[in-house]
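Topology and contacts: notes
Below, each chain spelled out in residue letters.
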Amino acid sequence: MIENYAEKIKHESNGFIRHNGIRIVSVDEERSVLEAEITDNSRNVWGSVHGGFLYTMADGRRNVTLNGSMNYLRPTTHSKTLTAVGREIKVGGHVGFFEVNITDDTGALIARAEINMYFLKK
């Protein structure tokens, strides 16, 4: 994968992720973990967490999405926090395939994504 990925991602500034209150908990070669507290700004007009917010948690950094599929499995009207755990499935020279599971504070699976990424140069 990307050399020294964990260090790069810890120091990289991303205003959109920061604006949405998404925090990087850990990153290594096998998985990444992100967390977010749910606020009124995270919700859609029906009170559930907005699908775009969930997709933002699943999307990567230092890459661009080639293809992504998100399955929204249950509403999040009562959730206080969300955790996204991404796992590498297959990575080549410039392209990687990842799966991401997003759970709420009760451990319920809220959404699942499969994403193909193209890795950007420095």
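1. A word on the overall build of the chain
What the chain contains, in helices and strands, is three helices and six strands. Beginning at the N terminus, the succession of helices and strands in the chain can be written as α-α-β-β-α-β-β-β-β. Every one of the 122 residues in the chain was classed for burial, and the buried ones make up 34%. The contacts in the chain between residues at least 6 apart in sequence include a share of 57% that link residues at least 24 apart. With the model as given, the accessible surface of the chain reaches about 7400 Å², and the carbon-plus-sulfur share is 50%.

2. Considering the nonpolar core
I22, F53, L54, M57, M70, L82 and I102 are the most contacted members of the largest nonpolar core, which totals 22 residues. Broken down by secondary-structure element, the contributors of at least two residues to this core are strand 2 (31–37), helix 3 (51–58), strand 4 (81–91), strand 5 (95–104) and strand 6 (109–119). Considering every element that reaches this core, the biggest residue donor is strand 6, with six residues. The residues touching I102, leaving out its near neighbours within four places in the chain, are L54, M57, M70, L82, T83, A84, A108, L109, I110 and A111.

3. Overview of the sheet that holds strand 1 (residues 22–27)
Strand order in this open sheet of six strands is 1-2-4-5-6-3, and the pairing throughout is antiparallel. Here the strands that pair on one side only, and so sit at the sheet edges, are strand 1 and strand 3 (63–72). Looking at each pair of strands side by side, their axes are set apart by 20° on average, direction ignored. Taken together, the nine bridges between strand 5 and strand 6 define a ladder with antiparallel strand orientation.

4. Concerning the confidence of the model for the chain
Averaged over every residue, the pLDDT of the chain is 85; residues scoring 70 or more account for 85%. Of all helices and strands in the chain, the one with the weakest mean pLDDT is helix 1 (residues 5–11) (54), whereas strand 5 scores best (95).

5. Some words on the pairing of strand 1
Bridge count between strand 1 and strand 2: five bridges; the pairing is antiparallel. The partner of I24 across the bridge, within strand 2, is L34.

6. A look at the pattern of salt bridges
A side chain of one charge can pair with a side chain of the opposite charge when the charged atoms of the two come close. If you walk through the whole model with that rule in mind, you get four salt bridges. Note that R23 is salt-bridged to E35, the shortest N-O span being 3.6 Å. Of the two residues, R23 is situated in strand 1 and E35 in strand 2; the sequence distance between them amounts to twelve residues. Linking R112 and E99 is a salt bridge whose minimum nitrogen-to-oxygen distance equals 2.6 Å. Of this pair, R112 sits in strand 6 while E99 sits in strand 5, and the two are 13 residues apart along the sequence. The class of R112 is partly exposed, set by a relative accessible area of 26%. Overlapping salt bridges, with partners in common, bring together R87, E99, R112 and E114 in one network.

Cut-off values and rules
- Residues numbered from 1 in each chain as written.
- Predicted model: local features only at pLDDT ≥ 70, side-chain atom pairs only at ≥ 80, totals over all residues.
- Heavy atoms only, no water.
- Helix = DSSP H or I, 4+ residues; strand = E, 2+ residues; numbered from the N terminus.
- Buried < 20%, exposed > 50% of the residue type's maximum accessible area, 1.4 Å probe, protein only.
- Contact = heavy atoms within 4.5 Å.
- Areas by Shrake-Rupley, 256 points an atom, 1.4 Å probe, with all protein chains shown as cover.
- Core = buried A, V, L, I, M, F, W, Y, C linked by side-chain atoms within 4.5 Å.
- Pairing = 2+ DSSP bridges.
- Axes fitted to C-alpha atoms, helices over the stretch in contact; angles between N-to-C directions.
- pLDDT = per-residue confidence, 0-100.
- Salt bridge = Lys/Arg side-chain N within 4 Å of Asp/Glu carboxyl O.

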